[in-house]
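What the coordinates show
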Amino acid sequence: MSNEIEIGRGKRGRRAYSFDDIAVVPSRRTRDPKVVNLGWQIDAFHFDIPVIGAPMDSVMSPATAIALGNAGGLGVLDLEGLWTRYEDPTAVLAEIAALAPEQATSRMQELYREPIKDALITARLQEIRAAGVVVAGALSPQRTQEHYATVLKAGVDLFVIRGTTVSAEHVSDGAEPLNLKKFIYDLDVPVIVGGASTYQAALHLMRTGAAGVLVGFGGGAAQTTRTTLGIHAPMATAVSDVAAARRDYLDESGGRYVHVIADGGLGRSGDIVKAIACGADAIMLGAALARAEEAPGAGYHWGPEAHHPELPRGERVPVGTTGTLDEILFGPGTHADGTSNLMGALRRSMATTGYSDLKEFQRVDIVVSPYQAG
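These lines cover the structure that appears in this document, whether it is placed above or below. These numbers come from a predicted model, not from an experiment.

Thresholds, definitions, all that
- Residues numbered from 1 in each chain as written.
- Predicted model: local features only at pLDDT ≥ 70, side-chain atom pairs only at ≥ 80, totals over all residues.
- Heavy atoms only, no water.
- Axes fitted to C-alpha atoms, helices over the stretch in contact; angles between N-to-C directions.
- Helix = DSSP H or I, 4+ residues; strand = E, 2+ residues; numbered from the N terminus.
- Parallel < 35°, antiparallel > 145°, perpendicular 65-115°, else oblique.
- Left-handed = near helix turned anticlockwise from the far one by under 90°.
- Contact = heavy atoms within 4.5 Å.
- Nonpolar A, V, L, I, M, F, W, Y, C, P; charged D, E, K, R; others polar.
- Phe/Tyr/Trp six-rings, centres within 6.5 Å; stacked < 30°, edge-to-face > 60°.
- Buried < 20%, exposed > 50% of the residue type's maximum accessible area, 1.4 Å probe, protein only.
- Salt bridge = Lys/Arg side-chain N within 4 Å of Asp/Glu carboxyl O.
- Patch = residues over 30% accessible without salt bridge, like charges linked within 9 Å, V, L, I, M, F, W, Y side chains within 5 Å.
- Areas by Shrake-Rupley, 256 points an atom, 1.4 Å probe, with all protein chains shown as cover.
- Pairing = 2+ DSSP bridges.
- Expected span 1.5 Å × (residues − 1).
- Bend = angle between axes of the 7 residues up to and from the residue.

**Looking at the packing of helix α2 (residues 90-98) against helix α3 (residues 101-111)**
Two elements in contact, α2 and α3, have axes separated by 10 Å at closest approach and are oriented at 165°. In terms of orientation, α2 lies roughly antiparallel with respect to α3. Crossing handedness for the pair α2 and α3: left-handed. Taken together, the residues of α3 that come into contact with α2 (itself represented by Val 92, Glu 95 and Ile 96) are Arg 107, Met 108 and Leu 111. Among the residues forming the contact of α2 with α3, the class breakdown is four nonpolar, no polar and two charged.

**Considering the packing of aromatic side chains**
For the structure on display, the rule yields four aromatic pairs. Each ring, one from Tyr 148 and one from Phe 183, has its centre 4.8 Å from the other, and the planes form 80°; the classification is edge-to-face. Placement of the pair is Tyr 148 in helix α5 (residues 141-154) and Phe 183 in helix α6 (residues 180-186), with a sequence separation of 35 residues. The class of Tyr 148 is partly exposed, set by a relative accessible area of 30%. Measuring from ring centre to ring centre gives 5.8 Å for Tyr 355 and Phe 361, while their planes differ by 65°; the resulting arrangement is edge-to-face. Given a relative accessible area of 0%, Phe 361 falls into the buried group. Here the aromatic residues Tyr 148, Phe 159 and Phe 183 are joined through ring pairs into a cluster of three or more.

**Here we look at the pattern of salt bridges**
Counted by the stated rule, this structure contains 16 salt bridges. Between Arg 129 and Asp 157 there is a salt bridge, and its shortest N-O distance comes to 3.3 Å. Of this pair, Arg 129 sits in helix α4 (residues 118-130) while Asp 157 is found in the loop between α5 and β9 (158-162), placing the two residues 28 residues apart along the sequence. Of the charged contacts, one joins Asp 337 and Arg 268 as a salt bridge, the two residues approaching to 3.4 Å between their closest N and O atoms. Taken together, the residues Asp 337 in the loop between α12 (325-330) and α13 (342-352) and Arg 268 in the loop between β12 (259-263) and α10 (269-277) connect sequence positions 69 residues apart.

**Re a nonpolar patch on the surface**
Among the surface-exposed residues, Leu 229, Ile 231 and Leu 311 lie close enough to one another that they form a single nonpolar patch of about 230 Å² accessible area. Tracing the backbone through its elements, the reader meets Leu 311 in the loop between β14 (300-301) and β15 (317-318). On the basis of relative accessibility, which here comes to 38%, the residue Leu 311 falls in the partly exposed class.

**Quick notes on the packing of α10 against α13**
Contact geometry of α10 with α13 gives a least axis separation of 9 Å together with a crossing angle of 50°. Regarding the angle of α10 to α13, the classification is oblique. The two elements α10 and α13 meet at a crossing, and its hand is right-handed. Only Leu 342, Ala 345, Leu 346 and Ser 349 of α13 make contact with α10, whose side of the interface consists of Ser 269, Ile 272, Val 273 and Ile 276.

**Some thoughts on the sheet that holds strand β13 (residues 282-285)**
Taking strand neighbours around the barrel as the criterion, the eight strands line up as β6-β7-β8-β9-β10-β11-β12-β13 in a closed arrangement whose pairing is parallel. Mean inter-strand twist for the sheet, computed between neighbouring axes without regard to direction, equals 25°. One ladder, built from four bridges, connects strand β10 (residues 191-196) with strand β11 (residues 212-215); its direction is parallel. The residue of β11 that forms the bridge with Ala 196 is Val 215.

**Quick look at α5**
End to end, α5 covers 19 Å across 14 residues, agreeing with the expected 20 Å (1.5 Å per residue, within 8%). When the local axis directions of α5 are compared, the greatest deviation, roughly 65°, occurs at His 147. By the burial criterion, the buried members of α5 are Thr 144, His 147, Thr 150, Val 151 and Ala 154. Where the residues of α5 are buried, they touch α4, β8 (136-139), β9 and α6. Following α5 by one or two positions, Gly 155 has its phi on the positive side, about 105°.

Rendered as structure tokens:
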């Protein structure tokens, strides 16, 4: 059966689903939450929880990347952010948090005009490494060729190439585009790339040799991509499509497994549950971790789209403070809205539906549109 809908006589569209449109369904058995295993592994690196901290200045500083690493997750530092532009960005972060809404975009554009400094890239990554956790940093495709040599010399365990969308084939009549396949082949560290939101785009990224693919486009809490560019990929469908590409690439490559990482639209624990259920191996969290007391954004959240010098397609949004990072991840929860004890909620959902690990949980039954808006 086709899920295409006729928009008008000259255009048809495929029905796509967000996490709000679906729910997981209990099976014939339940389990004790204590026996549920939330661990996952990418390349040689094992993590106790499937949480990656998004490389955004409101979420990850060297200190919060270290804290998340000690908690069993992976913190990714934005190597184009304030921490690599300013020796001490504390005052800049405080200024951003204090800006009036009508001033935020223009002032942030000014603050982010400060050049990126290779010496600070090295210093920040070495600070994380000295803490004994897995070291990960992110660059956009546009900046990767400029700074990756510095990143590799400083030492990373995992390298992330993250943009609003990343393709294996970029056409340009200007600067030579990044050749992902050659670039990844030449590196000696695992590379995670994205975002991707379709089966075909993800399959092409997997063929470059990427160890993981980020799934998402314009669905983050601080993004206005849908209203600015008219582009949006509902996450339940996007994750499911990319998981299908992972399955087919596994056959095509003779057994090479590429990890699917949901990135965007994951503000609450129920969204995390449904992302794993749709096929994600792990999730990249932005707004959910920006609510931590330790988060650099001080109750606000923004991404690189919010200070784009020519076409901002994001905003600095208030997310408030829910509790400490430990309380947000592991509880005890003090809110009934899915913003605290995220891992406890995932563990309980898996136990309630009868699954003991993440790979098993990807097979859970899903129903569509369990609730209708009033």
